[in-house]
Amino acid sequence: MEAPQNLQTTPNFTNDDGVSQECENLISSLASEKSFTGKKLYNYQGSWYHPNTLQAILNFKKHFQARDSDIILASLPKSGTTWLKALAFAVVHRNKYAANLVSHPLLSDNPHNLVRFLELDLYVKNQRPDLEELPSPRLFATHMPFQTLHESLRDSPCKVVYVCRNVKDVLVSRWHFRSKLVSNYSLEDTVDEFIKGAYSFGPFHDQVLSYWKESLVNSNPVLFMRYEEMIEKPVAQVMRLADFLGCSFTDEEKQAGTVEKILDLCSLGNLSSLEANKTGTSTCGIAHHAFFRKGGVGDWKNHLTDGMARKLDEMIEKKLEGSGLKFE
Ligand code: A3P
């Protein structure tokens, strides 16, 4: 997810252009590209960022104190982040709210306010947000690639869940999302951006591969999930998530339909129909309703030309070659 630049607040120690001297020095050493809005993006550790996000990442790297019980949800924007946030929150806190679902926080608040982004929310608003008071397990989210996140976790065994989605649906979802915020954002521009790789948190393949490779190494606690598998086999995928997070569903819970209840609560239909998600703006500066659209698999077929789809398929196939990761 990408917050519009004018809606983000910046730390109060910054220079006129919104970043610290340290960040300015870093920026001067980085490769840059212009984003579709004409604003500059900078390549840091293989990923592209706007300056205020880069500042937030520096703040995070300097000050974040990981707890072993922390859970970090990672994704590229438009890959199912909102859904994963809702599911992880509901799974982890299910005992607190099981008896009285009517008072469940997901019914009265947006998932992005319940699981906040590190670099797009907490550390962009505050150089050193107070996260010590939060009860364990703390849930956070990020769009950073694994290498940048990992460095800041300083060998903590906290759990990382990554969700990925096929690139063509991500692209179409991004195009719809950005079109709500900016006029003149064409599908052709979006395809060009993806082929070039220079868009915030891109390129797609580098980020996906950073988590994919880590998930294959046993000693690293990264769960790699796919939006398409969550759509196809939601019960199995939620149980997999719970197992990974160390809070497996008991036989009694399975028999009582707890998994299905969580899926209903977190469904696109349910969340998007709630008053809390129809109105208001999230803590990261985006209107709540903008996170919900059509969902599902294959909407790209309604938008991309054969030529666009072929170009993207060829690019992804080439970039993922030899990794063992494939998209249908
Ligand atoms: P579409 O634009 O294809 O509809 P993110 O949360 O990473 O920003 O991704 C947004 C995409 O996830 C959008 O896809 C949105 O509709 C979909 N989405 C949001 N909430 C969802 C949910 N509860 N279940 C399934 N998909 C969801």
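Our subject is the structure that appears above.
Below you will find a few notes about this structure. Keep in mind that what you see is a predicted model, and the values were worked out from it rather than measured.

Scoring rules and cut-offs
- Residues numbered from 1 in each chain as written.
- Predicted model: local features only at pLDDT ≥ 70, side-chain atom pairs only at ≥ 80, totals over all residues.
- Heavy atoms only, no water.
- Helix = DSSP H or I, 4+ residues; strand = E, 2+ residues; numbered from the N terminus.
- Rg over C-alpha atoms; globule rule 2.2 N^0.38 Å.
- Buried < 20%, exposed > 50% of the residue type's maximum accessible area, 1.4 Å probe, protein only.
- Contact = heavy atoms within 4.5 Å.
- Areas by Shrake-Rupley, 256 points an atom, 1.4 Å probe, with all protein chains shown as cover.
- Lys, Arg positive; Asp, Glu negative; His and termini not counted.
- Charge placed at Lys NZ, Arg CZ, Asp CG, Glu CD.
- Pairing = 2+ DSSP bridges.
- Axes fitted to C-alpha atoms, helices over the stretch in contact; angles between N-to-C directions.
- Left-handed = near helix turned anticlockwise from the far one by under 90°.
- Nonpolar A, V, L, I, M, F, W, Y, C, P; charged D, E, K, R; others polar.
- Salt bridge = Lys/Arg side-chain N within 4 Å of Asp/Glu carboxyl O.

Looking only at helices and strands, the protein features 18 helices and 8 strands. By the compact-globule yardstick of 20 Å for 328 residues, the protein fits well, its C-alpha radius of gyration being 19 Å. A total of 328 residues make up the protein; the buried ones form 56% of that total. Within the protein, contacts between residues separated by at least 24 positions form 74% of all contacts whose residues are at least 6 apart in sequence. Total accessible area computed for the protein in this model is approximately 14600 Å², and 49% of it derives from carbon and sulfur atoms. Charged side chains of the protein number 37 positive and 40 negative; the gap between the two group centres comes to 2 Å.

Next up on the list: unusual backbone geometry. A cis amide bond links S136 to the next residue, P137, at an omega of -5 degrees. With respect to the element layout, P137 can be found in the loop between α7 (118-125) and β6 (139-142). In this chain, G202 is followed by P203 through a cis amide linkage whose omega measures 0 degrees. Mapped onto the secondary structure, P203 falls in the loop between α10 (187-196) and α11 (204-215). The backbone of Q45 shows a phi angle near 50 degrees, a positive value even though the residue is not glycine. For Q45, the position within the fold is in the loop between β2 (40-44) and β3 (47-49). Backbone geometry places K78, a non-glycine residue, at a positive phi of 80 degrees.

Moving on, we get to the sheet that holds strand β5 (residues 116-117). Sheets are built from strands that pair by backbone hydrogen bonding, the pairs being arranged parallel or antiparallel. Ordered in space as β5-β6-β4-β7-β8, the 5 strands form an open sheet in which the pairing is parallel. Of all strands in the sheet, those with a lone pairing partner are β5 and β8 (222-226), marking the two edges. Bridge count between strand β4 (residues 71-75) and strand β7 (residues 159-164): 5 bridges; the pairing is parallel. If you follow I71 over to β7, its bridge partner there is K159. In the packing of α11 onto the sheet, contacts are made with β4, β6, β7 and β8, and the angle to β8 comes to roughly 125 degrees.

The subject of this paragraph is the environment of C23. Relative to the helices and strands, C23 is located in helix α1 (residues 21-28). Separated by 46 residues in sequence, C23 and S69 have C-alpha atoms that sit 30 Å apart. Each residue touching C23, except ones within four places of it in the same chain, is listed here: P51, L54, Q55 and L58.

With that settled, consider the packing of helix α2 (residues 51-63) against helix α8 (residues 146-153). Relative orientation of the contacting elements α2 and α8 amounts to 30 degrees, with a least axis distance of 8 Å. For the crossing formed where α2 meets α8, the hand is left-handed. Only T148, L149, E151 and S152 of α8 make contact with α2, whose side of the interface consists of I57, F60 and K61. Classifying every residue of the contact of α2 with α8 by side-chain character gives 3 nonpolar, 2 polar and 2 charged.

So, on to the side chain of Q237. Position of Q237 among the secondary structure elements: in helix α13 (residues 234-244). Once residues within four sequence positions are removed from consideration, Q237 is found in contact with M225, E229 and M230.

Going through the model one piece at a time under the given rule, you end up with 11 salt bridges. The residue E151 makes a salt bridge to K61 at a minimum N-O spacing of 2.4 Å. Residue E151 is located in helix α8, and its partner K61 is located in helix α2; the two are separated by 90 residues in the primary sequence. The exposure class of E151 is partly exposed, given its relative accessible area of 45%. D70 is the salt-bridge partner of R138, the closest N and O atoms lying 2.7 Å from each other. Of the two residues, R138 is situated in the loop between α7 and β6 and D70 in the loop between α2 and β4; the sequence distance between them amounts to 68 residues.

Turning our attention to the pairing of β7. In terms of residue burial, β7 counts as a mostly covered element, since 5 of its 6 residues are buried. In this sheet, β8 lies alongside β7 in parallel orientation, the contact comprising 5 bridges. When the sheet's bridge partners are listed, V163 is paired in β8 with M225.

Now for α7. Across the 8 residues that make up α7, a large majority, 7, are buried. All of the buried residues in α7 are L118, E119, L120, D121, L122, Y123 and V124. In this fold, the buried residues of α7 make contact with α2, β4, α6 (111-114), β5 and β6.

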